[in-house]
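# Descriptive structure summary
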Amino acid sequence: NNNFAVYTTSAACNLSVNITPHTTVTPGYPAYYDIQVCNVGANITSGSVNMFYDPSLTFNYASTIQTSQNASTHTVAWSFTNLLPGSCQSFWVNFTADSNITVAQQIFTLAYVNSTSCNDVDMSNNVDTIHQEATASWDPNDKIVLPAGIGPQGLITNDQLLTYTINFQNTGNAPAVNVVLHDVIS
């Protein structure tokens, strides 16, 4: 039987944005993000949300369909209309991480929301950023053959049995998955 009041200025327009990564950034793999825009003000509000993504990411698609996408400026934009007070709208984005990303490379993503129907009274919640470290397995390999051979040329006899050992170890910052061992013996 406790009553709690929420006070807001009747003319207040206030949008907020939050960006959430749903995957790691791993070379050659998908990277998913969710952007959520909320109306935390008292007025029905329309506006736009922009995402600036790292150049190491390649845009694939979005849901809700984007208003625009520019690969050279690394931006995706959406428009929304009549977002009710207390309501949120989500935008899901799919990228592919460049296969040349290095282990521990820093990946930066930013989302910005802007009201087009009124003046936002609190701009401190209109920007959100994500700083991610690229994750990947890294397998420095070596190959040993026994016997190694005789003399500077490593000569062996025609009927000599050779035993090859291939060593591999994951020294990256993510688990190794889909490990395939492929070697060519001269």
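Above this text sits the structure in question.
Residues numbered from 1 in each chain as written. Predicted model: local features only at pLDDT ≥ 70, side-chain atom pairs only at ≥ 80, totals over all residues. Heavy atoms only, no water.

### Things to note about a nonpolar patch on the surface
We count it as follows: Patch definition: residues with relative accessible area over 30% and no salt bridge; like charges joined within 9 Å; nonpolar side chains (Val, Leu, Ile, Met, Phe, Trp, Tyr) joined within 5 Å. Method for areas: the Shrake-Rupley scheme with a 1.4 Å probe, in which residue coverage is limited to the protein chains shown. Whenever a carboxyl oxygen of Asp or Glu lies within 4 Å of a side-chain nitrogen of Lys or Arg, that contact is scored as a salt bridge. Here a strand is any run of E in DSSP of at least two residues, a helix any run of H or I of at least four, and the numbering for each starts at the N terminus. Exposed residues in this analysis have more than 50% of their type's maximum accessible area, buried residues have under 20%, and partly exposed residues fall in between, with area computed by a 1.4 Å probe over protein chains only.
Residues Phe-168, Val-179 and Leu-181 make up a contiguous nonpolar surface patch of about 310 Å² in total accessible area. Along the polypeptide, Val-179 turns up in the segment after strand S11 (163–167). Residue classification places Val-179 among the exposed residues on the basis of a relative accessible area of 51%.

### Focus: the sheet that holds strand S8 (residues 106–115)
Backbone-to-backbone hydrogen bonds pair the strands of a sheet. The strands run either parallel or antiparallel. Let me state the cut-off plainly: If DSSP finds at least two bridges between two strands, the strands pair. Every angle, taken between N-to-C directions, lies between 0 and 180 degrees, and every axis is a line fitted to C-alpha atoms, over only the stretch in contact when it is a helix.
Across the sheet, which stays open at both edges, the five strands sit in the order S5-S6-S3-S8-S9 with antiparallel pairing between neighbours. The strands lining the two open edges of the sheet, one partner per strand, are strand S5 (68–70) and strand S9 (127–133). For this sheet, the mean inter-axis angle between neighbouring strands, taken without regard to orientation, is 15°. As paired strands, strand S3 (residues 45–52) and S8 are joined by six bridges and run antiparallel to one another. Note that in S8 the partner of Asn-50 across the bridge is Tyr-112.

### Digging into the nonpolar core
The following threshold applies: What we call a nonpolar core is a set of buried Ala, Val, Leu, Ile, Met, Phe, Trp, Tyr and Cys residues that are connected through their side-chain atoms within 4.5 Å.
Counting 28 residues, the largest nonpolar core has Ile-35, Val-37, Met-51, Leu-57, Trp-78 and Phe-95 as the members making the most contacts within it. Sorting the residues of this core by element identifies strand S1 (15–21), strand S2 (30–39), S3, strand S4 (57–63), strand S6 (75–83), strand S7 (88–97) and S8 as the ones contributing at least two each.

### With respect to the state of the cysteines
Test applied: For the purposes of this analysis, a disulfide is any pair of cysteine sulfur atoms at a distance within 2.5 Å.
The full count for this structure, using the stated rule, is two disulfides. Between the sulfur atoms of Cys-13 and its disulfide partner Cys-118 the distance amounts to 2.0 Å. Since a negative S-S torsion denotes a left-handed disulfide, the Cys-13-Cys-118 link at about 65° is right-handed. Here Cys-118 lies in the loop between S8 and S9 and Cys-13 lies in the segment before S1, a separation of 105 residues in the sequence. Put simply, Cys-38 and Cys-88 are joined by a disulfide, and their sulfur atoms are 2.0 Å apart.

### Remarks on the environment of Pro-147
Rules: The contact rule is simple, with two residues in contact once any of their heavy atoms fall within 4.5 Å.
For Pro-147, the location among the structural elements is in the loop between strand S10 (142–146) and S11. C-alpha of Pro-147 to C-alpha of Tyr-164: the two residues are 17 residues apart in sequence and 9.2 Å apart in space. If near-sequence neighbours (up to four positions away) are discounted, Pro-147 is found in contact with Gln-160, Leu-161 and Leu-162.

### Quick word on the side chain of Asn-14
Our working definition: Residues adjacent in sequence count toward polar contacts only when both atoms are side-chain atoms; beyond that, a polar contact is any pair of N or O atoms within 3.5 Å, and within protein one must be able to donate a hydrogen and the other to accept it.
With respect to the helices, strands and loops of the structure, Asn-14 is situated in the segment before S1. A residue is classified by how much of its surface remains accessible, and Asn-14, at 10% relative accessible area, is buried. A polar contact of 3.4 Å, which involves the side chain of Asn-14, links it to the side chain of Asn-125. In this structure, Asn-14 is in contact with Cys-38, Asn-39, Val-40, Gly-41, Asp-120, Val-121, Asp-122 and Asn-125, ignoring residues within four places of it in sequence.

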